[in-house]
2 protein chains.
Amino acid sequence: MNYLQQPQLIEQHSFEIISDIIAAEHPDYRFNDAIQEAMIKRVIHTTADFEWLDILWFSPDVIEQLSKSLQRGCTLYTDTTMALSGINKTVLEQFGCSYRCYISDPRVVALAKEQGVTRSMAAVDVALQEEGEKIFVFGNAPTALFRLLEKGAKPAAVIGVPVGFVGAEESKEALVESGLPAIAARGRKGGSNVAAAIVNALLYRLKESA
Amino acid sequence: MNYLQQPQLIEQHSFEIISDIIAAEHPDYRFNDAIQEAMIKRVIHTTADFEWLDILWFSPDVIEQLSKSLQRGCTLYTDTTMALSGINKTVLEQFGCSYRCYISDPRVVALAKEQGVTRSMAAVDVALQEEGEKIFVFGNAPTALFRLLEKGAKPAAVIGVPVGFVGAEESKEALVESGLPAIAARGRKGGSNVAAAIVNALLYRLKESA
């Protein structure tokens, strides 16, 4: 069989095709800036879904906040192991960042049972007890996002893209209204893969310019 | 804030909403059988994308092959840690199944470098050297799927849903043509989350009927 076998060439060619499709099918579309463009294109790369051109919402300060926090070696908290699994941890470590997913942590399991809340919520509670600069990355759990907001937490930034049919959209609209530095997916779509793609797009841009 | 906090209720209500939307917006749509229905609905649950009603292709024998193999305690091989991360390993272990993702295995890293192939391809090569009944689960890497097919391997079944713009569609069409027991995503869409959702849907059905 004859097929392309060089990962970097495959990725490069993929992004060329994505750009060509946007130019052909959405000729009037304009990206706000190069980093938002990189994020949106990487989400399309990971979903093959061009609706993502119109789904992501960015607070005015979020790119700067995310960039500074990552460069200062902050801690990322994800709601699922799947989101954490998709994030490029090699690059994250190069910036001196830490990463955590507490969903299966024994403290979280105990706290969730004790308080009658979801493990996603208990994981937020445990994370908020820790010191240091935090970025929250939610691709799956609306309850995690609601919990963060109802606690009045002030993390450095939030990537809030839970997918789903019950609470997902409402949780993301609450994030948009919160005034926090945030990226949110409007509507039902989102996912752990989308969350990871957004983080990776920024990591690769920061690495290029480092 | 007022929001639903019981994971089982959230999931149950989500599937009711999905069924309602299908009935309202696709009134003539019919599922072939209950397991395919469970798989397709779980993929929609994980993507919020109703295009999945028309994307998944099932070989005539694949549901039976997958079910028997899982119940016999086969080994699942995934192309990414993200796909493996999304699969319910507790239920997999209840059936006596094993699971592997060799993408970062030192043997795979060495073999890929030595042969000038992708790590995804080398991971397939290493997997094929092992004994036992195998299910391959690919959500990301067309080169893994191409490799499996060019090796003429005869696994128990293949879930082939790589997402992307270079080789993804071609690799899945080659799977459809292969005659192997397989589930494939037609076109560009797919993903590690989709692959995991398909496996989980079947695991939950088998567990219910066990």
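All residue numbers here refer to positions counted from 1 along the written sequence of the relevant chain. The lettering of chains begins at A and the numbering of ligands begins at 1, in the order of writing. Side-chain atom pairs in this predicted model are given and counted only at pLDDT of 80 or more, local residue features only at pLDDT of at least 70, and totals for whole chains, interfaces and linings cover all residues. For side-chain calculations, the full set of non-hydrogen atoms in the structure is used, while hydrogens and water are omitted.

Visitor: Explanation requested: the state of the cysteines in the structure shown.
Guide: Where two cysteines share a covalent bond between their sulfur atoms, that bond is called a disulfide. Only a pair of cysteine sulfur atoms within 2.5 Å qualifies as a disulfide here. Enumeration over the complete set of coordinates arrives at 0 disulfides over all chains. In this structure A:C97 is a free cysteine whose sulfur lies 4.3 Å from that of A:C74, the closest cysteine sulfur available. B:C74 supplies the cysteine sulfur nearest to B:C101, a cysteine that is in no disulfide, at a spacing of 16 Å.

Visitor: Looking at this structure, I do not really get the relation of the copies chain A and chain B. What am I missing?
Guide: Copy one and copy two of the chain differ by a rotation about an axis and a translation along that axis. To line up the copies, we fit them by least squares on C-alpha atoms, keeping just the residues with pLDDT of at least 70 in both. Each copy superposes on the other: chain A lies on chain B with an RMSD of 0.0 Å after a rotation of 180° and an axial shift of 0.0 Å. One copy is carried onto the other by what is essentially a two-fold rotation axis. Distance from the rotation axis, computed per C-alpha, reaches its smallest value in chain A at A:M82: 2.6 Å. Any two residues having at least one pair of non-hydrogen atoms within 4.5 Å are treated as being in contact. In this assembly, 100% of the residues forming the interface of chain A have copies in chain B that are likewise at the interface, indicating an isologous arrangement.

Visitor: In this structure, what is going on with the sheet that holds strand β2 (residues 75-78) of chain A? I would like to understand it.
Guide: Note: strands within a sheet are paired through backbone hydrogen bonds, in either parallel or antiparallel orientation. All names here are of chain A. Pairing in this open sheet of 6 strands is mixed, and the strands run β1-β6-β5-β4-β2-β3 from one edge to the other. Strands with a single pairing partner mark the edges of an open sheet, and in this sheet they are β1 (56-58) and β3 (98-100). If you compare each strand with its neighbour and ignore which way they point, the axes differ by 15° on average. Between any two strands, pairing holds if DSSP finds at least two bridges. Secondary structure elements follow DSSP: runs of H or I of four or more residues count as helices, runs of E of two or more count as strands, with numbering from the N terminus. Here β1 runs beside strand β6 (residues 182-185); their pairing, made up of 3 bridges, is antiparallel. Looking across to β6, one finds that F58 is bridged to I183. Across the sheet, helix α7 (residues 119-128) lies against β2 and β4 (134-138), angled at about 170° from β4, the strand it touches most. In this fold helix α8 (residues 142-150) packs onto β4 and β5 (157-160), with an angle of close to 145° to the strand it touches most, β4. Helix axes use the C-alpha atoms of the stretch in contact, all axes being lines fitted to C-alpha atoms, and the angles between their N-to-C directions lie in the range 0 to 180 degrees.

Visitor: Looking at this model, I keep getting lost on the interface of chain A and chain B. Mind explaining?
Guide: One frequently used descriptor of interface size is the decrease in accessible area upon assembly of the parts. Across the boundary between the two partners, chain A contributes 38 residues, which contact 39 residues of chain B. Between chain A and chain B, the buried area comes to about 3300 Å², and carbon and sulfur atoms account for 70% of it. Only one rule defines a salt bridge in this text: a Lys or Arg side-chain nitrogen within 4 Å of an Asp or Glu carboxyl oxygen. For the interface between chain A and chain B, the tally reads 0 salt bridges. Put simply, the parts of the chain that give the side of chain A that touches chain B at least two residues each are α1 (7-25), α2 (34-47), α4 (81-86), α8 and α10 (192-208) of chain A. Once two parts are brought into contact, the accessible area they lose, counted with a 1.4 Å probe and summed over both, makes up the buried area.

Visitor: I would appreciate a short explanation of the environment of B:I135 in the present structure.
Guide: All names here are of chain B. With respect to the helices and strands, I135 occurs in strand β4 (residues 134-138). I135 sits in the buried class, given a relative accessible area of 1%. Here the alpha-carbon distance between I135 and I159, two residues 24 residues apart in the chain, equals 7.7 Å. The residues touching I135, leaving out its near neighbours within four places in the chain, are L66, S69, L70, C74, T75, L76, Y77 and A157. Think of it in three bands: with a 1.4 Å probe and only protein chains considered, a residue is buried below 20% of the maximum accessible area for its type, exposed above 50%, and partly exposed in between.

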